[in-house]
Amino acid sequence: MLREFAQTKGIAFPLLSDQGSRVITELGLLDRDLAAHHAAFNVPTGDPQWGVAYPAVFVLDEGGRIAQKRIQEHYRAREGAVQLLEDALGVGAASHGQTQTASTPRVRVSAFADSDSYVRWQNTRLHVVLDIDSGWHVYGRPVPTGYTPMTLVIEPQSGLQVGEPLYPPARPFKIERLEDQFFVYEGQVHVTIPIAINVLAGHGDVMVRITIRHQACNEVECMPPSEAELEIPLQETPAA
């Protein structure tokens, strides 16, 4: 049966027939909460379904040892290929989704997704890049009262799950004659935001709207706080 499945799907790598879920259990992947996970999606659990694994990817080092276990929270969750390449392996993807851009004083803002399409329940990422003029900076966190740190906000919508933005480290910065401690970004700043689109099949395309707020300053002056709004269209792609 497994051989026929591989031939039908064009799978060229070996598949494991794990009778009784022995290997799944030894690897710590057995979904013991399957009924609860099914109930969350209004799906009944039948006897043949017991013994399934959490979705997981094992990253091996050059010696074949497990370097990472990337285990998802329930049976529908998956990581996209671009995210796996870049986050797990540190390999830059050949392409991403179409870039949307906006300009604010002293800063150019661009945003794009891992791809122009989405697969239901598949984890993916949004990318926001700020290109800051030489000699200028934008504030990170924490920031003294009265200053505006860089903030990314995604407009809520039904079915859109948004994780915490992943900011690069900001460098400490002091202004002469001020006691306050600042943290700033200079040059190019790349922030990623994990998302998943948890909708029913046939939902159709999704428009993700993101607002980027920041304040550009140099050592002697500050621009007023700026705001850029960008829209990132994602086309629905059926799961394989």
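Residues numbered from 1 in each chain as written. Predicted model: local features only at pLDDT ≥ 70, side-chain atom pairs only at ≥ 80, totals over all residues. Heavy atoms only, no water.

Trainee: Looking at this structure, how should I read the state of the cysteines?
Mentor: In a disulfide, the sulfur atoms of two cysteines are covalently bonded to one another. Within this structure, the stated rule accounts for 1 disulfide. Disulfide partner of C217: C222, at an S-S distance of 2.0 Å. The sign of the 110° torsion about the S-S bond sets the C217-C222 disulfide as right-handed. On the basis of relative accessible area, C217 is assigned to the buried category, the value being 0%. Given a relative accessible area of 36%, C222 falls into the partly exposed group. (Disulfide = S-S within 2.5 Å. Buried < 20%, exposed > 50% of the residue type's maximum accessible area, 1.4 Å probe, protein only.)

Trainee: I keep staring at the sheet that holds strand β12 (residues 181–185) and nothing clicks. Help me out?
Mentor: Taken in spatial order, the 4 strands of this open sheet run β11-β12-β8-β15, and their pairing is antiparallel. A single partner strand is all that each edge strand has here, and the edge strands are β11 (171–174) and β15 (216–217). By the bridge criterion, 2 bridges tie strand β8 (residues 137–139) to β12 in an arrangement that is antiparallel. The partner of Y139 across the bridge, within β12, is V184. (Pairing = 2+ DSSP bridges. Helix = DSSP H or I, 4+ residues; strand = E, 2+ residues; numbered from the N terminus.)

Trainee: What is the right way to look at the environment of H214 in this model?
Mentor: Position of H214 among the secondary structure elements: in strand β14 (residues 206–214). With relative accessibility at 0%, the residue H214 sits in the buried group. Residues H214 and P224, 10 residues apart in the sequence, show an inter-C-alpha distance of 9.1 Å. Excluding residues that lie within four positions of it along the chain, H214 makes contacts with T104, V107, V109, L130, V138, T148, P149, M150, P225 and S226. (Contact = heavy atoms within 4.5 Å.)

Trainee: Got a minute to help me understand the sheet that holds strand β6 (residues 117–118) in this structure?
Mentor: The strands making up a sheet are joined through hydrogen bonds of the backbone, oriented either antiparallel or parallel. The strand order β6-β16-β14-β9 describes an open sheet built from 4 strands, whose pairing is mixed. What marks the edges here is a single partner per strand, and that holds for β6 and β9 (151–154). Note that β14 and strand β16 (residues 226–236) share 9 bridges and pair antiparallel. Bridged to R209 within β16 is E231.

Trainee: What's the story with the side chain of H137 in this structure? I'm lost.
Mentor: Relative to the helices and strands, H137 resides in strand β8. The class for H137 is buried, based on a relative accessible area of 3%. When neighbours within four sequence positions are excluded, H137 is seen to be in contact with I132, F173, V184, Y185, E186, Q215, A216, C217 and N218.

Trainee: I'm lost on the pattern of salt bridges in this one. Help?
Mentor: Close approach of charged atoms lets side chains of opposite charge pair. Evaluated as defined, the whole model comprises 12 salt bridges. A salt bridge links R171 to E186, with the shortest nitrogen-to-oxygen separation between them at 2.8 Å. Highlighted residues: R171 in strand β11 and E186 in the loop between β12 and β13 (188–197), separated in sequence by 15 residues. Judged by its relative accessible area of 39%, E186 is partly exposed. (Salt bridge = Lys/Arg side-chain N within 4 Å of Asp/Glu carboxyl O.)

Trainee: What is the right way to read unusual backbone geometry from this model?
Mentor: What you tend to see is this: most non-glycine residues have negative phi, and most peptide bonds are trans. With an omega dihedral of -5°, the bond running from R141 to P142 counts as a cis peptide bond. Considering the arrangement of structural elements, one finds P142 in the loop between β8 and β9. If you check the backbone angles, S21 has positive phi at about 60° while not being a glycine. Within the secondary structure layout, S21 lies in the loop between α1 (2–9) and α2 (22–26). Here the phi dihedral of W121 falls at roughly 70°; this positive angle occurs in a residue that is not glycine.

Trainee: Could you clarify how one ought to interpret the environment of L15 in this entry?
Mentor: Take L15: it is sitting in the loop between α1 and α2. Beyond its immediate chain neighbours, meaning those up to four positions away, L15 contacts L2, F5 and A6.

Trainee: What should I look at first to understand helix α4 (residues 81–88) in this one?
Mentor: A turn of α-helix holds 3.6 residues, and therefore any two residues three or four places apart point the same way. Residues V82, Q83, L84 and A88 constitute the buried set of α4. Along its buried surface, α4 packs onto β1 (56–60), β2 (66–71), β3 (78–79) and β7 (122–132). Immediately beyond the C-terminal end of α4, within one or two residues, lies G90, with a positive phi of roughly 70°.

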